[in-house]
2 protein chains.
Amino acid sequence: MQERAKETRRSLLEAAAQLFAEHGYAATSVNNISARSGRTSGAVYFHYAGKEGIAVAVVRDRFADWSRLAARYADEAVPPVERLVALSYDIAHALSEEPVTRAGARLWAERATINAPLPDPFALWTAAATRLLAQARLAGQLNAHVRPAHTARALVRAFFGLCALTEALESTAVVIDRLTDWWQLTLPSLQPQHQPQPQPVREDPSTAQ
Amino acid sequence: MQERAKETRRSLLEAAAQLFAEHGYAATSVNNISARSGRTSGAVYFHYAGKEGIAVAVVRDRFADWSRLAARYADEAVPPVERLVALSYDIAHALSEEPVTRAGARLWAERATINAPLPDPFALWTAAATRLLAQARLAGQLNAHVRPAHTARALVRAFFGLCALTEALESTAVVIDRLTDWWQLTLPSLQPQHQPQPQPVREDPSTAQ
């Protein structure tokens, strides 16, 4: 792609992300994106085939592609569970502050109103978390009862719910504090010194009788 | 209110809830609610002042009002943390299967597109969870490091994120299994026998260097 076309695509993407993050998908028009970016409406259609296309590109650009964070959890000198915790703070910061990431999260929440399939933004986080937990297990740094894939799945979903609801009910300013509360609840179960493991919780109505 | 008016209100509410749960807020019209309920469009305006009003009523009816579940966690013969776990399974079942609750959750997720303030559906859960944790503390059944209000807040948000994302990424059929995975991760930190408590996780970029 020519340098100039790349610049146009980028400025359209960033303008659209700001608008989606601020106003949501339904309230953002191609004309708004054109006005914010200083490019023509035709450029939106030419480069992204319209509003749906630019929404998919926003989700894919940052929210579904965490390769820029890879460096953070590739350093094998740091214990894997510590890297997992650090990664979660990075993602929480991005979800609170970084416009393209914020837009991706909001678009995903509004996906029912978007007439295009969005990439699954959690697949890469979950794969990264699974890998880190598997490394921790190999290093003898994981509770023997933790199954990496199951645990990574639960962690990613609980983490995202925590961040999204904290922003909705309070503000982005307290997301990091709430994340620390949550890790205090969660981290002990990952660590090998935690013995004995309690009985698994089973759904059993008799326990509440 | 006359019995007949109550019946009309209820049938409108249930028809609207089914439609909101299946198709979302934007794709549901007053005409659809009228057709599904077998009542007139005028009845929607008369009893609920329109689509916004009936959406607020749906959220308030079940999702924000868990008094029918109160019996489950009022039984003081059962340890409070067990009641908290049982309550979470009850809510997860309702979010998976009960149309008015499902509609409430979906409307809350789509709240940016609804031109009316929705009640906060988490306030009552969080208050109930705080109360149960405080009772557990009084009974010597809670880890000394757990602060009931902070922990309840984190638990409710993580729990809801887990249920909502599990439904979105997999299906309602596995919500209960994923909830069990999550409690296995979370419950040990609540229990008093868990000693020693690890150091709190602090946001500290140096840990990942």
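In short, a report on the structure.

Quick notes on the rules
Residues numbered from 1 in each chain as written. Chains lettered and ligands numbered in written order. Predicted model: local features only at pLDDT ≥ 70, side-chain atom pairs only at ≥ 80, totals over all residues. Heavy atoms only, no water. Helix = DSSP H or I, 4+ residues; strand = E, 2+ residues; numbered from the N terminus. Buried < 20%, exposed > 50% of the residue type's maximum accessible area, 1.4 Å probe, protein only. Contact = heavy atoms within 4.5 Å. Polar contact = N/O pair within 3.5 Å; in protein donor to acceptor, adjacent residues only side chain to side chain. Arc of directions from axis to C-beta. Salt bridge = Lys/Arg side-chain N within 4 Å of Asp/Glu carboxyl O. Phe/Tyr/Trp six-rings, centres within 6.5 Å; stacked < 30°, edge-to-face > 60°. Lys NZ or Arg CZ within 6 Å of the ring centre and 35° of its normal.

### Regarding the environment of Ser189(B)
Part 1 of the argument: Along the chain, Ser189(B) falls in helix α10 (residues 175-190).
Part 2 of the argument: Using a relative accessible area of 2% as the deciding quantity, one classes Ser189(B) as buried.
Part 3 of the argument: For Ser189(B), the residues in contact, after removing those within four places along its chain, are Gln184(A), Leu185(A), Thr186(A), Pro188(A), Ser189(A), Asn143(B) and Val146(B).
Part 4 of the argument: At a separation of 2.4 Å, a polar atom in the side chain of Ser189(B) contacts the main-chain carbonyl oxygen of Leu185(A).

### What to know about helix α3 (residues 41-48) of chain B
All names here are of chain B.
Part 1 of the argument: Among the residues making up α3, those that are buried are Ala43, Val44, His47 and Tyr48. For α3, the angular spread of buried residues about the axis comes to 105°, placing them on one side.
Part 2 of the argument: Ala49 sits one or two residues past α3 and shows a positive phi near 60°.

### Digging into the environment of Gly50(B)
Residues and elements named next belong to chain B.
Part 1 of the argument: Following the sequence through the fold, Gly50 ends up in the loop between α3 and α4 (51-63).
Part 2 of the argument: A relative accessible area of 2% means that Gly50 is categorised as buried.
Part 3 of the argument: The sequence separation of Gly50 and Ser29 amounts to 21 residues, and the corresponding C-alpha distance is 9.5 Å.

### Some thoughts on the pattern of salt bridges
Residues and elements named next belong to chain A.
Part 1 of the argument: Under the criterion given, the structure shown has 18 salt bridges over all chains.
Part 2 of the argument: Between Asp61 and Arg10 there is a salt bridge, with its nearest N and O atoms 3.0 Å apart. Here Asp61 is found in helix α4 (residues 51-63), whereas its partner Arg10 is found in helix α1 (residues 3-23), with 51 residues between them in sequence.
Part 3 of the argument: The class of Asp61 is partly exposed, set by a relative accessible area of 25%.
Part 4 of the argument: Taking the relative accessible area as the measure of exposure, Arg10 reaches 29% and is therefore partly exposed.
Part 5 of the argument: By sharing partners, the salt bridges in this structure join Arg10, Glu14 and Asp61 into a single network.

### Let's talk about the packing of aromatic side chains
Part 1 of the argument: For the structure shown, the criterion picks out 16 aromatic pairs over all chains.
Part 2 of the argument: Considering the side-chain rings of Phe122(A) and Phe160(A), the 4.8 Å spacing of their centres and the 70° angle between planes classify their relative orientation as edge-to-face. With Phe122(A) in the loop between α7 (99-109) and α8 (123-138) and Phe160(A) in helix α9 (residues 148-169), this residue pair connects regions lying 38 residues apart in the sequence.
Part 3 of the argument: On the accessibility criterion, Phe122(A) (2% relative accessible area) is buried.
Part 4 of the argument: Through a chain of ring-to-ring contacts, three or more aromatic side chains come together here, namely Trp108(A), Phe122(A), Trp125(A), Phe159(A), Phe160(A), Trp182(A) and Trp183(A).
Part 5 of the argument: Lys51(A) extends its terminal NZ or CZ atom over the ring of Tyr25(A), reaching a point 4.2 Å from the ring centre.
Part 6 of the argument: Sitting above the plane of the Tyr48(B) ring, Arg9(B) keeps its charged end 4.5 Å from the centroid.

Read these as spatial facts, not as claims about activity.
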